[in-house]
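# Tertiary structure, described
Spelled out, the chains give:
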Amino acid sequence: MNQHRSKELYAKACNLLPGGVNSPVRAFQAVGGTPLFIARGEGAYLVDVDGNRLIDYVCSWGPLILGHAHQEVVEIASQVLRLGSSFGAPSPWEVDLAQLIVDALPSVEMVRMVNSGTEAVMSAVRLARAYTDRDLVVKFAGGYHGHSDGLIVQGGSGIATLGITTRPGIPQAIAETTLTLPYNDLEAVEQVFQDHGERIAAVIVEPIAGNMGVVPPRPGFLEGLRKLTREAGALLIFDEVITGFRVRYGGAQALYGVLPDLTCLGKIIGGGFPVGAFGGPREIMRLVAPLGPVYQAGTLSGNPVAMACGVTTLRILRDRNPYDRLEELGARLAEGLQEAAEEAGVPVTVNRVGSMLTLFFTEGPVENFDDANRSDRQRFSRFFWAMLERGVYIPPSQFEAWFVSLAHTEEEIDRTVDAAREALRQAG
Ligand SMILES: *Cc1c(COP(=O)(O)O)cnc(C)c1O
């Protein structure tokens, strides 16, 4: 594969940006080599600056459920942009997006728009602490909730990818307010409530983990969290930044029928633009400024272009209800990968919920971060490059989710499985 121009750009970028990137996993450190610089996206494809055309399963790390440069999203973005890029005052689109979110998520009566998932979670945790008048937050190892101080302890995503175990820059006092438990381990949660119940403000969880690779909740796990938090007077926060509008229109809470107190959103709701949101019942949300004293603000929050693209994306998802279709495509890919691995004699575990999946290079099962960590990362790296050589762009880390979009068709899926068949043989 010709990477001439990408390599040139990367060399320049490395002088100017730490690691040559603006978000760590993009640097390809876990798989070695040079990241591709992207010139454009077309539906299910990325085209890099050297002209390589690749089937894309990163999809901007989740937002692009409609695929790249979806016509309706591009049109609304240009239309709204012509009217101005930002007003610093309320505009109609943010009301529409809030209405769509409230209608979709049974647990949400009010939302606050922010600019990223990180902000959404950070603010939701502050709100939970204010509401309960308690300090401690329980999270799960390998869960990623953005890069705010208290939440990157034993985090997933880039923290897992880079194997970062220390926490320079984070005061001890803040780190101590986070209690980290193994995902899917309800007994550990029971124990922590026995030990610290009266001090726990919230349990925050990805209802389907997506940042240690995809790890679905065991049956009863989310129900158990709901019960334990309620009994202890703590809030349950679902971080649905990935799963919201991905696994169902109403997110993982609709899929599993477990309602959290607060929900964090991002990714899909921005239609490819920087957006996040957090929401919940009026009774809790009324604490948020200016209604209440929990301060949260943003110069570009509710940005009209981002809101309009979010509204357009959600309306398409609501009206076309494509979740059976995404399930079909996801299943076809997962089954194809599983068979290809068996043919090649490579032990793998494919975890999948709908259109999000991960191929782990371990026998499995993969039900928590320790299990995910047993994956053969060298084999993953070889597989990653072998796929890229065959025109398939998967996340450059074992600990990330692959995303199928509505722009993918059976043709792309089958070509991906063909590529995987060869790549697995080569990487084995
Ligand atoms: C991506 C992600 C975040 C952070 O969102 P950003 O927009 O990158 O700040 C938070 N939580 C989860 C579950 C995510 O996947």
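Details of the structure are given in the entry above.
Just so we're clear, the structure is a prediction, and the values are computed from it rather than from any experiment.

What counts as what
- Residues numbered from 1 in each chain as written.
- Predicted model: local features only at pLDDT ≥ 70, side-chain atom pairs only at ≥ 80, totals over all residues.
- Heavy atoms only, no water.
- Buried < 20%, exposed > 50% of the residue type's maximum accessible area, 1.4 Å probe, protein only.
- Helix = DSSP H or I, 4+ residues; strand = E, 2+ residues; numbered from the N terminus.
- Pairing = 2+ DSSP bridges.
- Near = heavy atom within 4 Å.
- Polar contact = N/O pair within 3.5 Å; in protein donor to acceptor, adjacent residues only side chain to side chain.
- Areas by Shrake-Rupley, 256 points an atom, 1.4 Å probe, with all protein chains shown as cover.
- Nonpolar A, V, L, I, M, F, W, Y, C, P; charged D, E, K, R; others polar.
- Phe/Tyr/Trp six-rings, centres within 6.5 Å; stacked < 30°, edge-to-face > 60°.
- Lys NZ or Arg CZ within 6 Å of the ring centre and 35° of its normal.

### Topic: the pairing of strand β12 (residues 356-360)
Taking burial as the measure, the five residues of β12 include five buried ones, the bulk of the element. The two faces of β12 match: Met356, Thr358 and Phe360 on one face and Leu357 and Leu359 on the other face are all buried. In this sheet, β12 lies alongside strand β11 (residues 349-353) in antiparallel orientation, the contact comprising five bridges. Its bridge partner being in β12, Val350 is matched across the sheet by Leu359.

### Some thoughts on the site of the ligand
Surrounding the ligand, one finds Ser116, Gly117, Thr118, Tyr144, His145, Gly146, Glu206, Asn211, Asp239, Val241, Ile242 and Lys267. A distance of 2.8 Å separates an oxygen atom of the ligand from a polar backbone atom of Gly117. Asn211 has a polar side-chain atom sitting 3.1 Å from an oxygen atom of the ligand. Look at the ligand: alone it shows 380 Å² of surface, and the protein chains cover 83% of it. Within the shell around the ligand, the residues separate by chemical class into three nonpolar, six polar and three charged.

### Comments concerning the packing of aromatic side chains
Enumeration over the complete set of coordinates arrives at 13 aromatic pairs. Ring geometry for Phe28 and Tyr393: centres 6.4 Å apart, planes at 40°, overall tilted. Placement of the pair is Phe28 in the loop between α1 (4-16) and β1 (38-42) and Tyr393 in strand β13 (residues 392-393), with a sequence separation of 365 residues. In this structure, Phe28 and Tyr393 share a single accessibility class: buried. Among the aromatic residues, those joined into a ring-pair cluster are Phe28, Phe361, Phe380, Phe383, Phe384, Trp385 and Tyr393. Positioned over the ring face of Tyr45 is Arg53, at 4.2 Å from the centre of the ring.

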